[in-house]
Amino acid sequence: MSAVSQITEDIIIKSEENQEEREEQDTSLILDNQYIFIQLPSGNIKVVKLQKDTNVSLGKFGTFHSNGIIGRPFGHSYEIYDNYQVKVIKNVAFYEVDETDANNKEILDDPSKQKLSYQEIEKLKKQGLEGQDIIKKMVEGHSAFDQKTEYSKAKYIKRKEAKFSRVFTPINPTLYSVWEYFFSKNPGKIRDMRIDTLSQILSLANVRAYTKMLVVDDTQGLVITGVMERLGGYGIVLGIHDGENHNYDIVRYMNFSKKIHDSLLTLSWQQVFKEEIQAPFNYQDESTLSEKDLKYYLRRKVNYERIRDTREILWRGEFDGLIVASQYQPESILETLMPYVSGSRPIIIYHINKEVLINACVYMKISKKFLNPQITESWLRQYQVLPGRIHPSMSTSGGGGYLLHATHIVINESLPTPIPSYMKQKDTLEELNKSDFCNNNSIDETVKIESLDQNVTSENHLVNSEELQEAENKRIKLE
């Protein structure tokens, strides 16, 4: 067996093994070489790519060994103790709050009520005392703690946990958890798109398995990720992006299997146009290349064939929908990509500003290719849900952007263009007005003719009377 065939076979076998491993993985367990979200005691989220036999640093909250959580289920809370070890503890969400008659009426914000000083707390930390034990000692040293209500006690403990606790909770990356991380960190990267708006986009676009979706995504891959998750590896999503390489960073955090990853195809805007001719690839004899050159050659060959096949898929058309979340004007995007979308398919356009979509909506109404274009705004109010403490969140986003959605229509030029009902009514009214005008003209002409007859009769009568008078005068003269 030659070196070329051996390398090619090794690549195929390795890809097949990785695919089988991904498909057999249990997504409810924490696995090696995957991204996880870690919720810290302060409430912040830290993204970590978990590697076996490594230490994971959580800053001031401590460091733990990765093998301590690999193979365990998501959702458990762990506490870090000596020598980077972790142990499972009861999640604070399962503690019940008892109702009491205590109130905060006589409580004043006085630091002297805490018997433990700052130096004593630092000494306890240096002694290696765990966070929960330090918080317990602080509660015991607070002279007015028993006078607080149960809710105030819970808030006090929560504040101290955010400062001294070494408890963390691994979270499974889902579409919601990934969106929450990016929206809280930098909402501008995902174009201020809220999760309720994203859910409406996926529903209005009718994203489901065995469909071909065309997506223009400038949200770091948030929309692409939602479409890929719904397809589940059964279907195609073709993403249009700027530059030579896409920037769909959110996709890698989802730990998708190879089957789902293969459903994603990408093209740059430059490669969309048929006028842009792809440079031909220089095929070589693989047996004459060295091992290093062969790997580089195969990588270039795969990339060339990927672009070539993806362009053919795009130009073949028959896509089941178009989703746009871009910085560019929607009208130019529609003119470029609508020929590749099948008839009676949804068109969804997202933008944070309503004025941009108004112009696109006017463009759709003037065009004959879109049916029933509408602009909608999503509305969301988040609530804190705790026993006896249910109320709207104190801080929330002011808006979730706007959606323009319509249905694509393909007009058959060989058939007569149907006339809308309002146009038929307009033609009928014009015919009635025209007939009334003709009738009025005929009446006027009849009246004119009658008046002329009367004039002629009167003139004839006048002539006859003159002749009679002349004859009478002659008779008188003769007598």
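Looking up the protein in an unreviewed UniProt entry gives the name tRNA (adenine(58)-N(1))-methyltransferase non-catalytic subunit TRM6, with the organism given as Rhizophagus irregularis. What the UniProt record of the protein gives under Subunit (unreviewed entry) is the line "Heterotetramer." UniProt's Sequence similarities (unreviewed entry) comment on the protein is quoted here verbatim: "Belongs to the TRM6/GCD10 family."

What follows covers the overall build of the protein. Along its length, the protein carries 14 helices and 16 strands. Counting across all 479 residues of the protein, residues that qualify as buried make up 35%. Taking the contacts inside the protein whose residues are at least 6 apart along the sequence as the reference set, 67% of them involve residues at least 24 apart. In the structure as shown, the protein presents an accessible area of about 30000 Å², 51% of it carried by carbon and sulfur atoms.

Time to look at the sheet that holds strand β11 (residues 322–325). The strand order across the open sheet formed by seven strands is β10-β9-β8-β11-β12-β16-β13, and the pairing between neighbours is mixed. Two strands lie at the open edges of the sheet, namely β10 (264–268) and β13 (370–377), each paired on one side alone. Geometrically, the sheet is characterised by an average inter-axis angle of 15° between neighbouring strands, direction not taken into account. Bridge analysis of strand β8 (residues 211–217) against β11 gives four bridges, and the strand direction is parallel. Its bridge partner lying in β11, D217 is registered against A325. Across the sheet, helix α7 (residues 222–231) is in contact with β8, β9 (235–241), β10 and β11; its angle to β8 comes to roughly 165°.

A separate point is the side chain of S263. Tracing the backbone shows S263 in the loop between α9 (258–261) and β10. Residue S263 is classed as buried on the basis of its relative accessible area, which comes to 4%. Among the polar contacts listed, one links the side chain of S263 to the backbone oxygen of I260, at a separation of 2.5 Å. Apart from residues lying up to four places away in sequence, S263 is in contact with M228, G233, G235, I236 and V237.

With that out of the way, let us pick up the sheet that holds strand β5 (residues 77–81). Taken in spatial order, the five strands make up an open sheet running β2-β1-β7-β5-β6, and their pairing is antiparallel. With partners counted over all chains shown, the strands left at the sheet margins are β2 (45–50) and β6 (85–89), one partner each. The average undirected angle you get between the axes of adjacent strands in this sheet is 40°. Of the strands in this sheet, β1 (34–39), β2 and β7 (167–171) are in contact with helix α5 (residues 175–185), which crosses β1 at around 65°.

Within this structure, the stated rule accounts for five salt bridges. Measuring nitrogen to oxygen at the nearest pair gives 3.5 Å for the salt bridge that ties K301 to E286. With K301 in helix α11 (residues 291–316) and E286 in the loop between α10 (269–272) and α11, this pair connects stretches of sequence that are 15 residues apart.

To continue, consider the packing of aromatic side chains. Within the structure shown, the criterion is met by 15 aromatic pairs. Ring centres 4.5 Å apart and planes at 20° place the aromatic pair F64 and F168 in the stacked group. Of this pair, F64 sits in strand β4 (residues 63–65) while F168 sits in strand β7, and the two are 104 residues apart along the sequence. The burial state of F64 is the same as that of F168; both residues are buried. Residues Y181 and F182 carry aromatic rings whose centres are separated by 5.3 Å and whose planes lie at 85° to one another, so their mutual orientation is edge-to-face. Pairwise contacts between aromatic rings join Y35, F37, Y181, F182 and Y253 into one cluster. The positively charged end of K87 is found above the aromatic ring belonging to Y81, 5.8 Å away from the centroid. Here the basic side chain of K212 rests over the ring of F319, its NZ or CZ set 4.6 Å away from the ring centre.

Before going further, it helps to examine the environment of Y248. With respect to the helices and strands, Y248 occurs in the loop between β9 and α8 (249–252). Put simply, Y248 and Q220 are 28 residues apart on the chain and 4.7 Å apart in space, counted from C-alpha to C-alpha. Beyond its immediate chain neighbours, meaning those up to four positions away, Y248 contacts D217, Q220, G221, I224, G239, I240, H241, L264 and T266.

Criteria and cut-off values
- Residues numbered from 1 in each chain as written.
- Predicted model: local features only at pLDDT ≥ 70, side-chain atom pairs only at ≥ 80, totals over all residues.
- Heavy atoms only, no water.
- UniProt positions renumbered as here; feature names shortened; annotations may be inferred.
- Helix = DSSP H or I, 4+ residues; strand = E, 2+ residues; numbered from the N terminus.
- Buried < 20%, exposed > 50% of the residue type's maximum accessible area, 1.4 Å probe, protein only.
- Contact = heavy atoms within 4.5 Å.
- Areas by Shrake-Rupley, 256 points an atom, 1.4 Å probe, with all protein chains shown as cover.
- Pairing = 2+ DSSP bridges.
- Axes fitted to C-alpha atoms, helices over the stretch in contact; angles between N-to-C directions.
- Polar contact = N/O pair within 3.5 Å; in protein donor to acceptor, adjacent residues only side chain to side chain.
- Salt bridge = Lys/Arg side-chain N within 4 Å of Asp/Glu carboxyl O.
- Phe/Tyr/Trp six-rings, centres within 6.5 Å; stacked < 30°, edge-to-face > 60°.
- Lys NZ or Arg CZ within 6 Å of the ring centre and 35° of its normal.

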